[in-house]
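Understanding the architecture of this molecule
What follows is the residue order along each chain.
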Amino acid sequence: MLSGWSITLIAAAYLGVLFAVARYGEARADAGRSIISANVYALSLAVYCTSWTFYGSVGRATSGGLSFLTIYLGPTLMLLFTGVILKMIRISKVQRITSIADFIASRYGKSQLLAGLVTVIAVVGVVPYIALQLKAVAASVDVLFAGDRHRLLPWWLDSTLLVAAVLALFTIWFGTRHLDATERHEGMVAAVAFESVVKLLAFLAVGLFVTYGMFDGFADLFARAAASPELARLAQPDSARAGTWTALILLSGLAIIFLPRQFQIVVVENVDEAHLKRAVWLFPLYLLLINIFVLPVALGGLLHFSGQAVNPDTFVLTLPLAHGAEALALLVFIGGLAAATGMVIVETIALSTMVCNDLAMPWLLRSTWLQGEKGRDLSGLLLLIRRIAIGLILLLGYVYFRAAGEAYALVGIGLISFAAVAQFAPPMFGGMYWKQGTRAGAVAGLLGGFAVWLYTLLLPSFARSGWIDDGFVVHGLFGLAGLKAQALFGLSGFDEISHSLMWSLFANIGLYVLVSLNSRPDATEAGQAERFVDVFRYAGSATDARLWRGNASQPQLVALLERFLGPVRARQQLAAHAATRGLADWRELPADAGFVRFAEGELAAAIGSASARVMVASVAQEEDIGLDEVLGILDEATQVRAYSHQLENKQRELEAATGELRAANERLREVDRMKDDFIATVTHELRTPLTSIRAFSEMLHDDPRLELAERTRFLGIIVGETERLTRLINQILDLAKLESGHAEWTSTTVDIGAVVREAMASLEQLFRDKAVALSGEIPEIGPQVQVDRDRLTQVVINLLSNAVKFVPGGSGQVRVRVLPLADMVRVEVADNGPGLGADECRLVFEKFRQGGNTLTDKPQGTGLGLPISRQIVEYFGGNLWVESQPGAGATFIFTVPLPAPEA
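Residue positions within a chain follow its written sequence, with the count starting from 1. Totals for whole chains, interfaces and linings use every residue, but because this is a predicted model, local features are given only for residues with pLDDT of at least 70 and side-chain atom pairs only at 80 or more, for both listing and counting. To get the side-chain values, all heavy atoms of the structure are used, and hydrogens and water are removed first.

Put simply, DSSP H or I for four residues or longer makes a helix, DSSP E for two residues or longer makes a strand, and each gets a number counted from the N terminus. Along the backbone of the protein chain there are 38 helices and nine strands. Per-residue accessibility, obtained with a 1.4 Å probe over protein chains only, is compared with the maximum for each type, and a residue is labelled buried under 20%, exposed over 50%, and partly exposed between these values. Counting over 903 residues, the protein chain shows a buried share of 52%. Residues count as neighbours in contact if any of their non-hydrogen atoms are within 4.5 Å of one another. Contacts in the protein chain between residues at least 24 apart in sequence constitute 79% of all its contacts with a sequence separation of at least 6. With an accessible surface of roughly 39,900 Å², the protein chain has 60% of that area assigned to carbon and sulfur atoms. Each accessible area is a Shrake-Rupley result for a 1.4 Å probe, and residues are judged covered by the shown protein chains and nothing else.

Printed below as a string of structure tokens:
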């Protein structure tokens, strides 16, 4: 039996392994070898699967059936919008953004007000989600420890508070050991990816145990469930809840981006935009695997615990324990712990960064105390603020759990948080694609949407637990029925999540658009709008330098960097910046606009863009630039970019045209060379018989006393050479007609088998004279094709003549096959001659080229037969080629298409 101490030791050992993985990841990053590969990045996205997924999905499936899938369909669909996420990542890299609050604030003029508002919404909205993790871990501890809990803990100590304290200490120890100027945590990402594997394996193990250990597979489990109408309903889609499904898919699709921890992993921790391509399919695959046994476990739990008061959220633990599988139960507990710790670590680190940069820093920057400590290194103070923030956030989660957590299932708590972060969607998407969106519009929209969410969802959760009066839910605020919290303005019939999401987004989007259209951005805001919306066309530092004018002191800016980044890190960054500007020593850097922008960017990575702007403004005197001037500069920059783009296009067109001209010139050179070769070859071919004719004619003319036999032999040679000369001239003329398109064709329906047999018969004596065996495999009738009969006969005779020419006398064999195929006829002429090499297979179809690849010492013939045959076959719509290897004979093959069947 599991003891409380053994479970505690194993859980501590798991956390130790997690820490070791994180340290390994950090060590690799420090050595310049990032551990974040495409697979690690995709697995780290699975931090989305928290205790909600591990425990709550089963609980949701026991009441809502397949509706639990909506929470995973949304993220899968959202990842299909790769362009949107890619743009978000690109903006964050260019602007050195460290959180979702920083993103929204930076877009709308680096507004501290907006950053603070987003941070407040994020903290308030995510606190229920953290409470969910505490509730899940506490419930799993209660199930696993059973009666041991009271022996391990004093009566006055709450186990959930202890879990919160342990998670807070671990997160502080894990995530705030030092201040990272880039706000990227490679060790954390590695640990989260490791946790994703652990929880997946644990859930698959319990799923296999229930499906195949307790039951005889899926078929048996679903058959037993089908016997009960109540359980059978769970395996069927509920069309009556289509509206709820749509709302949940939308909600979860937004959550995969706008939950602070998801933004941290998806955007801030991305080291390579190409990793997104792997995540697009690997993360949905992960979701599929971790959910494949949710419904079987839910049905198994309902069947096994029928009539018993067992919390469905704990089925993954209680089912193994009920069958004595304690080792499996321990693995499941570790899996649930991995799901909870991963979420808490990333979420609290992301939130603590936002609290530090966007709430604490603005307050500190205004305090007289900080102004009096100008020479002090503040990195330790920033770490202390973040550690305190982590503790407070977890304490708030515990308070919410005690106030309202008991009244909701795990999934219900999580959806409250999803609806809160969905309020970030309008200012985020609007800021990325709509230049007219203003800071005033974003603030109004966020306030309106947050207020509606607070009134329709969060406060009712407190009322349900009895913590506050539920009069505003039952009767409406001030007794007005139209202000009922969950039937606002008389809209009823929706579940509480869909109702709140609809009204809050309506208020948010409406206010954002209306106020933006009726407000005017300042110069900074307009500049940021340009940089965000046109990030892929953004000109970069050149435009930045033009948008800043003023006086700055290099020592003061350097001191500012050293104060927040630390001296060592600051000088490393300064040296790197100097190198980009071609300077060997950073002390030679001029205090110009480029240096000011560099300093602000480095500070933004550490304390947020809004605070960084304030800090830089404290040591640099910036001249005000009017909105019209900013817009003019941006418009000019846009025109320059457009002109540059046009120049680039023109250059590409010019390069393409140059390439075409070069290729055409090469073709002309090749044609000229071929013409010379052709003339030389024809001249050579004509001169050879003419020389012979002339020589023998002169001999007959000069010596009339030649013997009759000798005279007859000479005349025979003259006649033969004349025939050869005539044949050559005819073939040249024939080829010229074919190439010029002036050849005459008489196409009729031809029995190709009959043509081949006739050609074989016409050359039968030639084969017999050389003692070469000729055989055929030809259908008795057909196939019939639409061709010129004489031309087709010319092709077959040419191929047969070539074959008999090259095979050895006495042992030569030539075999002809006619093969009807689906839509064509294939004719093969195979011989057992010397064969051809790969180059020869190509060259034999060139004019005056024959086997042996020489123009001299070649077999009898003109070297024009195959080029003419190929021209004829291609005119018929077929192809002619040769398959051969040296020493293995050659097979000349041509195809002719069959006529299309009549409709």
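Let's pick the thread back up.
This part is about the packing of aromatic side chains. Under the pairing criterion, centres of Phe, Tyr and Trp rings, with the six-membered ring standing for Trp, must be within 6.5 Å; the plane angle then separates stacked pairs below 30 degrees from edge-to-face pairs above 60, leaving the rest tilted. On inspection of all chains with the given rule, the structure shows 24 aromatic pairs. For the ring pair Phe-103 and Phe-263, a centre distance of 5.8 Å and an interplane angle of 80° mean the geometry is edge-to-face. On the criterion of sequence distance, the pair formed by Phe-103 in helix α6 (residues 100–107) and Phe-263 in helix α14 (residues 260–268) is long-range, its members being 160 residues apart. No difference in accessibility class separates Phe-103 from Phe-263, as the two residues are buried. A centroid spacing of 5.6 Å and a plane angle of 45° characterise the contact between Tyr-455 and Phe-472, whose relative ring orientation is tilted. Note that Tyr-455 is positioned in helix α23 (residues 439–464) and Phe-472 in helix α24 (residues 471–474), a separation of 17 residues in sequence. Like Tyr-455, the residue Phe-472 is buried in the burial classification. Aromatic rings pair up to connect Tyr-48, Trp-52, Tyr-72, Tyr-129 and Phe-418 into one cluster. In this analysis the charged atom, NZ for Lys or CZ for Arg, is taken to sit over a ring once it is within 6 Å of the ring centre and within 35 degrees of the ring normal. In this structure, Lys-87 is placed above the aromatic ring of Tyr-433, and the distance from its NZ or CZ to the ring centre is 4.1 Å. Over the ring of Tyr-108 we find Arg-107, and its NZ or CZ is 4.5 Å from the ring centre.

This next bit is on the environment of Lys-435. Its place among the elements puts Lys-435 in the loop between α22 (425–433) and α23. When the C-alpha positions of Lys-435 and Gln-528 are compared, they lie 9.1 Å apart, and in sequence the two are 93 residues distant. Among all residues touching Lys-435, those that are not within four sequence positions of it are Arg-107, Ala-529, Glu-530, Val-533 and Asp-534. Here Asp-534 takes part through its side chain, which lies 2.8 Å from a polar atom of the side chain of Lys-435. Think of a polar contact as two N or O atoms within 3.5 Å of one another; within protein, one of them needs to be a possible hydrogen donor and the other a possible acceptor, and neighboring residues in sequence only count if both atoms come from side chains.

Here Arg-107 lies in helix α6. Charge assignment: positive for Lys and Arg, negative for Asp and Glu; neither His nor the chain ends contribute. One side-chain nitrogen of Lys or Arg within 4 Å of one carboxyl oxygen of Asp or Glu is enough to make a salt bridge. Although Arg-107 is buried, it forms no salt bridge, and the closest oppositely charged side chain is Glu-525 at an N-O distance of 5.1 Å. In contact with Arg-107, not counting residues within four places along its chain, are Gly-431, Trp-434, Lys-435, Gly-437, Glu-525, Gln-528, Ala-529 and Phe-532.

So, about the environment of Thr-891. Within the secondary structure, Thr-891 sits in strand β9 (residues 890–897). Sequence separation between Thr-891 and Gly-835 is 56 residues, and the spatial gap between their C-alpha atoms is 8.8 Å.

Moving on: the nonpolar core. Here, the term nonpolar core denotes a set of buried Ala, Val, Leu, Ile, Met, Phe, Trp, Tyr and Cys residues that are joined through side-chain atoms within 4.5 Å. Phe-418 and Phe-424 are the most contacted members of the largest nonpolar core, which totals 168 residues. With sequence-adjacent residues up to four places away left out, Phe-418 is seen in contact with Tyr-48, Trp-52, Ile-71, Tyr-129, Leu-251, Ser-252, Ala-255 and Leu-259. Counting residues in each nonpolar core, the second largest holds 49 residues, with Val-756, Val-785, Leu-800 and Val-825 among its members.

Right, let's get into the sheet that holds strand β7 (residues 824–831). One open sheet accounts for five strands, arranged β4-β6-β7-β9-β8; its pairing is mixed. A single partner strand is all that each edge strand has here, and the edge strands are β4 (773–777) and β8 (880–884). When the angles between neighbouring strand axes are averaged without regard to direction, this sheet yields 15°. Note: β7 against β9, eight bridges, orientation antiparallel. Across the sheet, Val-825 pairs through a bridge with Val-896, a residue of β9. Strands are labelled as partners when DSSP assigns at least two bridges between them. To get an axis, a line is fitted to the C-alpha atoms, and for a helix only the part in contact is used. The angle between two axes follows their N-to-C directions and goes from 0 to 180 degrees.

Let us now look at the environment of Val-84. Turning to its location among the elements, Val-84 is positioned in helix α5 (residues 82–95). When the C-alpha atoms of Val-84 and Met-432 are compared, they prove to be 8.7 Å apart, with 348 residues separating the residues in sequence. Residue contacts for Val-84: discarding those within four places in its chain leaves Phe-429, Met-432 and Tyr-433.

Turning our eyes to something else, we now look at the pattern of salt bridges. Under the definition given, this model contains 23 salt bridges. Salt-bridge contacts for Arg-224 lead to Asp-220; the nearest nitrogen and oxygen are separated by 3.3 Å. Placement of the pair is Arg-224 and Asp-220 together in helix α11 (residues 218–226), with a separation of four residues, close to one helical turn. Measuring nitrogen to oxygen at the nearest pair gives 3.0 Å for the salt bridge that ties Arg-233 to Glu-230. Taken together, the residues Arg-233 and Glu-230, both in helix α12 (residues 229–234) and three residues apart, mark about one turn of the helix.

Below, the discussion takes up a nonpolar patch on the surface. Only residues whose relative accessible area exceeds 30% and that take part in no salt bridge are eligible for patches, with like-charged residues grouped when within 9 Å of each other and nonpolar side chains (Val, Leu, Ile, Met, Phe, Trp, Tyr) grouped when within 5 Å. A contiguous nonpolar patch, built from Leu-161, Leu-384, Ile-388, Leu-392, Leu-395 and Val-399 and spanning about 500 Å² of accessible area, is present on the exposed surface. Of the residues forming the nonpolar patch, the biggest block, five residues, is contributed by helix α20 (residues 379–403). Tracing the backbone shows Leu-384 in helix α20. Owing to a relative accessible area of 45%, Leu-384 belongs among the partly exposed residues under this scheme.

It is worth spelling out the packing of helix α36 (residues 789–806) against helix α38 (residues 865–876) at this point. It is the contact of α36 with α38, at a shortest axis distance of 9 Å, that shows an interaxial angle of 145°. As α36 runs across α38, the sense of the crossing is left-handed. Only Gly-865, Leu-866, Ile-868, Ser-869, Ile-872, Val-873 and Phe-876 of α38 make contact with α36, whose side of the interface consists of Arg-791, Leu-792, Gln-794, Val-795, Asn-798, Leu-799 and Asn-802. The residue inventory of the contact of α36 with α38, partitioned by class, reads eight nonpolar, five polar and one charged. Helix crossings fall into two classes, left-handed where the near helix is turned counterclockwise from the far one by less than a right angle and right-handed where it is turned clockwise. Each residue receives one of three labels: charged for Asp, Glu, Lys and Arg, nonpolar for Ala, Val, Leu, Ile, Met, Phe, Trp, Tyr, Cys and Pro, and polar for the others, Gly being one of them.

Notably, Lys-110 is not glycine yet its phi reads approximately 55°, a positive angle. Looking at the secondary structure, you find Lys-110 in the loop between α6 and α7 (112–145).

Because the α-helix completes a turn every 3.6 residues, residues three or four places apart line up on one side. Helix length check: helix α10 (residues 186–214) (29 residues) gives 41 Å between terminal C-alpha atoms against 42 Å at 1.5 Å per residue, within 8%. Along α10, 21 of the 29 residues are buried, which leaves the element largely enclosed by surrounding structure. Between the first and last residue of a helix there are one fewer steps than residues, each counted as 1.5 Å, and that sum is the expected span.

Of the pairings in the sheet, the one linking β4 to strand β6 (residues 813–820) comprises five bridges and is parallel in character. Within β6, the position partnered with Leu-774 by the bridge is Val-814. Connecting the antiparallel pair β6 and β7 is a turn made up of three residues.

Here we come to the packing of helix α9 (residues 159–175) against α20. At their nearest, the axes of α9 and α20 sit 9 Å apart, and the two run at 160° to each other. In terms of orientation, α9 lies roughly antiparallel with respect to α20. When you trace α9 past α20, the crossing you get is right-handed. Here Thr-160, Leu-161, Ala-164, Leu-167, Ala-168, Thr-171 and Ile-172 of α9 lie close against α20, whose contacting residues are Arg-387, Ile-390, Leu-394, Tyr-398, Phe-401 and Arg-402. For the contact of α9 with α20, a count of residues per class yields nine nonpolar, two polar and two charged. In what follows, roughly perpendicular refers to angles from 65 to 115 degrees, roughly parallel to angles under 35, roughly antiparallel to angles over 145, and oblique to any angle outside these ranges.

With seven of nine residues buried, α22 lies mostly within the body of the structure. Restricting attention to buried positions, one finds in α22 the residues Ala-425, Pro-426, Pro-427, Met-428, Gly-430, Gly-431 and Met-432.

The score called pLDDT rates the predictor's confidence residue by residue, from a low of 0 to a high of 100. Mean pLDDT over the protein chain: 83, with 90% of residues reaching 70 or higher. Mean pLDDT in the protein chain bottoms out at helix α8 (residues 149–152), which sits at 55, and peaks at α22, which reaches 94.

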